[in-house]
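# Residue-level structural notes
Below, each chain spelled out in residue letters.
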There are 2 protein chains.
Amino acid sequence: MGLIVQKYGGSSVASVALMENHARRAMELREQGHQVVLVLSAMGDSTDRLNDLANSACPDPDPRELDALLATGEQVAVSVMAIVLRRLGCPARSYTGAQIGIRTESVPGKACITGVDTEVLSRDIDAGCIPVVAGFQGVDEQGNTTTIGRGGSDTTAVALAASLGADECQILTDVDGVYTTDPRMVPQARLLKHLTFEEMIELAGQGSRVLQNRAVEFASKYKVPLRVMSSFRPGSGTLISLQEADVEAPVVSGIAFNRDEAEITVTSIPDQPGMALQLLKPLSDARIDVDMIVLNAPRDGHVDISFTVHRQDHERAGELVRAAAKGMDGAAVRTEERVAKISVVGAGMRSHASVGATLLEALAEQGINLRILSTSEIRISVLVDEVRLEDGVRCLHDAFGLDQEPAARQG
Amino acid sequence: MGLIVQKYGGSSVASVALMENHARRAMELREQGHQVVLVLSAMGDSTDRLNDLANSACPDPDPRELDALLATGEQVAVSVMAIVLRRLGCPARSYTGAQIGIRTESVPGKACITGVDTEVLSRDIDAGCIPVVAGFQGVDEQGNTTTIGRGGSDTTAVALAASLGADECQILTDVDGVYTTDPRMVPQARLLKHLTFEEMIELAGQGSRVLQNRAVEFASKYKVPLRVMSSFRPGSGTLISLQEADVEAPVVSGIAFNRDEAEITVTSIPDQPGMALQLLKPLSDARIDVDMIVLNAPRDGHVDISFTVHRQDHERAGELVRAAAKGMDGAAVRTEERVAKISVVGAGMRSHASVGATLLEALAEQGINLRILSTSEIRISVLVDEVRLEDGVRCLHDAFGLDQEPAARQG
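Residues numbered from 1 in each chain as written. Chains lettered and ligands numbered in written order. Predicted model: local features only at pLDDT ≥ 70, side-chain atom pairs only at ≥ 80, totals over all residues.

## Quick look at the overall build of chain A
Within chain A one finds 12 helices and 18 strands. Its C-alpha radius of gyration of 24 Å places chain A within 12% of the 22 Å reference for a compact globule of 411 residues. Oriented by its inertia axes, the alpha-carbon framework of chain A measures out at about 75 × 55 × 30 Å. Burial status across chain A gives 47% buried among its 411 residues. Considering only residue pairs separated by 6 or more positions, chain A has 74% of its internal contacts joining residues 24 or more positions apart. (Helix = DSSP H or I, 4+ residues; strand = E, 2+ residues; numbered from the N terminus. Rg over C-alpha atoms; globule rule 2.2 N^0.38 Å. Buried ≥ 20, exposed ≤ 12 C-beta atoms within 10 Å, placed from the backbone. Contact = placed C-beta atoms within 7 Å.)

## Remarks on the pairing of strand 16 (residues 332-345) of chain A
All names here are of chain A. In the sheet, strand 13 (residues 254-270) pairs with strand 16 via 11 bridges, with the strands oriented antiparallel. The partner of Thr265 across the bridge, within strand 16, is Arg334. Pairing of strand 16 with strand 18 (residues 379-385), which is carried by 7 bridges, proceeds in the antiparallel orientation. The residue of strand 18 that forms the bridge with Val345 is Arg379. (Pairing = 2+ DSSP bridges.)

## A few points about the relation of the copies chain A and chain B
For these two chain copies, the linking operation is a rotation about an axis paired with a shift along it. Structural alignment of chain A on chain B gives an RMSD of 0.1 Å, achieved by rotating through 180° and translating 0.0 Å along the axis. Here the symmetry operator amounts to a two-fold rotation axis. Residue A:Thr72 of chain A places its C-alpha closer to the rotation axis than any other residue of that unit, at 2.8 Å. (Least-squares fit on C-alpha atoms with pLDDT ≥ 70 in both.)

## Observations regarding the interface of chain A and chain B
Contacts between the two partners involve 24 residues from chain A and, on the opposite side, 24 residues from chain B. Of all the elements in the fold, those that place two or more residues in the side of chain A that touches chain B are helix 2 (46-57) and helix 3 (63-87) of chain A. By residue number, the principal contributor to the side of chain A that touches chain B is helix 3 of chain A, which donates 13 residues. Here the side of chain A that touches chain B is built from residues that sort into 13 nonpolar, 7 polar and 4 charged. (Nonpolar A, V, L, I, M, F, W, Y, C, P; charged D, E, K, R; others polar.)

## Some thoughts on helix 6 (residues 153-164) of chain A
Residues and elements named next belong to chain A. Taking 1.5 Å of rise per residue, the 12 residues of helix 6 would be expected to cover 16 Å, and the 16 Å separating its terminal C-alpha atoms lies within 8% of that figure. The element helix 6 is largely enclosed, with a buried count of 11 among its 12 residues. The complete set of buried residues in helix 6 reads Ser153, Asp154, Thr155, Thr156, Ala157, Val158, Ala159, Leu160, Ala161, Ser163 and Leu164. (Expected span 1.5 Å × (residues − 1).)

## What about the environment of A:Ile4?
Residue and element names in this part refer to chain A. Here Ile4 lies in strand 1 (residues 3-8). Take Ile4: there are 19 C-beta atoms within 10 Å of it, and that puts it in the partly exposed class. Linking Ile4 and Ala42, residues 38 residues apart in sequence, is a C-alpha distance of 21 Å. In this structure, Ile4 is in contact with Leu29, His34, Val36, Ala166, Asp167, Glu168 and Gln170, ignoring residues within four places of it in sequence.

## Some points on the sheet that holds strand 12 (residues 238-241) of chain A
All names here are of chain A. One open sheet holds the 8 strands; their spatial order is 3-6-2-1-9-11-12-10, and the pairing between them is mixed. Because the sheet does not close on itself, it has two edges, and the strands there are strand 3 (92-95) and strand 10 (194-196). Across the sheet, the axes of successive neighbouring strands diverge by a mean angle of 20°, strand direction being ignored. Bridge count between strand 2 (residues 35-40) and strand 6 (residues 130-134): 3 bridges; the pairing is parallel. Across the sheet, the residue bridging to Leu38 is Val132, located in strand 6. Sitting on the sheet, helix 1 (residues 16-31) touches strand 1, strand 2 and strand 6, and the angle it makes with strand 2 is about 155°. (Axes fitted to C-alpha atoms, helices over the stretch in contact; angles between N-to-C directions.)

## Regarding unusual backbone geometry
The backbone of A:Asp300 sits at a positive phi, close to 55°, despite the residue not being glycine. Mapping A:Asp300 onto the fold places it in the loop between strand 14 (290-295) and strand 15 (302-310). A positive phi angle, close to 80°, is found at B:Phe136, a residue other than glycine. Along the chain, the position of B:Phe136 falls in the loop between strand 6 (130-134) and strand 7 (137-139).

## Brief notes about helix 10 (residues 314-325) of chain B
When the terminal C-alpha atoms of helix 10 of chain B are compared, their 16 Å separation across 12 residues agrees well with the 16 Å that a helix rising 1.5 Å per residue should span. Its buried side turned inward, helix 10 of chain B meets strand 13 (254-270), helix 9 (275-285), strand 15 (302-310) and strand 16 (332-345) of chain B.

## Remarks on the confidence of the model for chain A
Detailed reading of the predicted coordinates is not advisable wherever pLDDT is low. With 95% of its residues at a pLDDT of at least 70, chain A reaches an overall mean of 91. In the predicted complex, the global pTM is 0.83; the interface-specific ipTM is 0.81. (pLDDT = per-residue confidence, 0-100.)

What follows is the structure, encoded as structure tokens:
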């Protein structure tokens, strides 16, 4: 017996028929003795339609009013779900963010949750009633409706789970869980039964868009076990928790990748303080996100610097960097539009040396040229030509034995 | 300079383009020095669509949840309108019923407004901002969203106007105002410049569905001048206020009619106490509304009773009355499905005698048989065969000179 918060995304609640399936699932948990709280996103594409309506009223709609408008999408979903649950004989009540007391900052469109009142929720739960809470929204101190950013229903669910001390927060979605890599690219990809929060954050940040990173960070901070599972098929999905990988845990858990990168390299920069800043500051001023940055050791009084930007920013970033490099005697700028990033992630990655060696060897065997390499605590990322992305992911998935259960792997 | 509450119905806010017209109209008032509050219904047919969604989830949806669902329709409308106003450079803020403090009873679907907080509204108005308030909804003491019944946005507007002490409450709709009778039936029908609350209540109750009766009663009680006008065309519409008809005021202001009536007559009922009750009680128990009731003086120890019901209740009402009449020695039941009611209404109708005489003479001239006649303080209603309805309305409109301006009329 425990308290479980279940969150369903937009495609999972696109119709009354789908909602009925989820209602029965929640009722089964309840019959098994669990207490259940539901958090829903807006039905299907209704958020897109509300956004279109706002944009037809103004290309740049007032943020407070846009929040008030968008919040109605989730309100529709929760009242319909409560109607369905009650028809099936299960006590249920729908709540807006304001009604349940999801308090946020006064930052329309991307407000952070500052607190959650648990009085109403606890009263319902204790009475055997299923509260159905609108995700993605809250209320600020002045009583304005706020939204916590697109896809923020994951964060709502984690915040409720944390406030209630729930035993598990289940994110029910259109995938079975988190895989060793994207199964559409590598058919041998395997569903991961367990990940640490750290691994999930690295995998999500590197392009595995299963969960909102903010939600994972929130769950990590408040130690809420998260489970990603399918809302359509049976299965226990992927549990993401604090629990460290055990002794037999694999060095590498999964491989993430990101196609939409572009590389900018500046060579022969005079080795003087502030040169990197001169190159990167204009990008920051233009709000262009810079992802990987590699700066090698100086040679003959000169350094080279490489970094990546989102492909859509490639052209503008190139212009800004060329302008900045003009004053640097001898410096040359080179851009490469079509590159991709591959990251191997694993909480068990105690030393980068052996992982790095396996990685370099596998890529070399395939003749894949490595443009940039950088590391973080539990991750090694490499940049390759986009045309070699699939080959790279497949050979690394193979090299780290990710198609096999951890216990069956060598080394 | 004054404070004006403007209410727009669903068909008037069916598109962003229409909303922009209304926004400009409100801004013009503001530029003329007026203070403006807007109250909106849901856009176009969105309430119908939300109702359909609820019914697809359950044929008999939970009332609390249905209210929460339906209330989103108006919330969408007000935030879109606020977005439009702000784009046009006018400060504006949207509010749900709960946000603005429209407090109601805990009766889902037909809650009565128990009070309105004016703090937020007054702050906005004083700051030159136009508050845009969701009609049709409120909040009960437990924080549940309630609705005040279909078409209840009129009532919301009047309640806000009353609480704020507004100078006028304007109901902007798809008609130019209140006419002497339905212009589709009588092309000579004339727009009425002024009516008393009493006249409007009698006209509305008799089938002129321009305003919700509850809203008119509310306005009457709190002495809020109401103006019905077109949201599409210019013109000052019809002002409905306390002001009594002046000396030159016409005896008859307008003619209302209602097609959907059916008549039930019971003849030769023994003249004993409680007989009428025995006949009518079963209808009341079956929640069948009885409209006109005529009971004549006894003759030879027997009375006749006639009354009307809505045509859709005709069959069931007939069965109930027949069953009740069985025990009454000699009583006979006769029903007539296709009858219609015509009512002449006028606050100046000091004595019914002269109006009655004119009415009877006009109908007799046309050979229209009068089935029932009944009177109220400022109204005389007659029941005629449905096929003669149009002739009846036309000849009465003519007989009371309603096609002419009051001052030009004879007598």
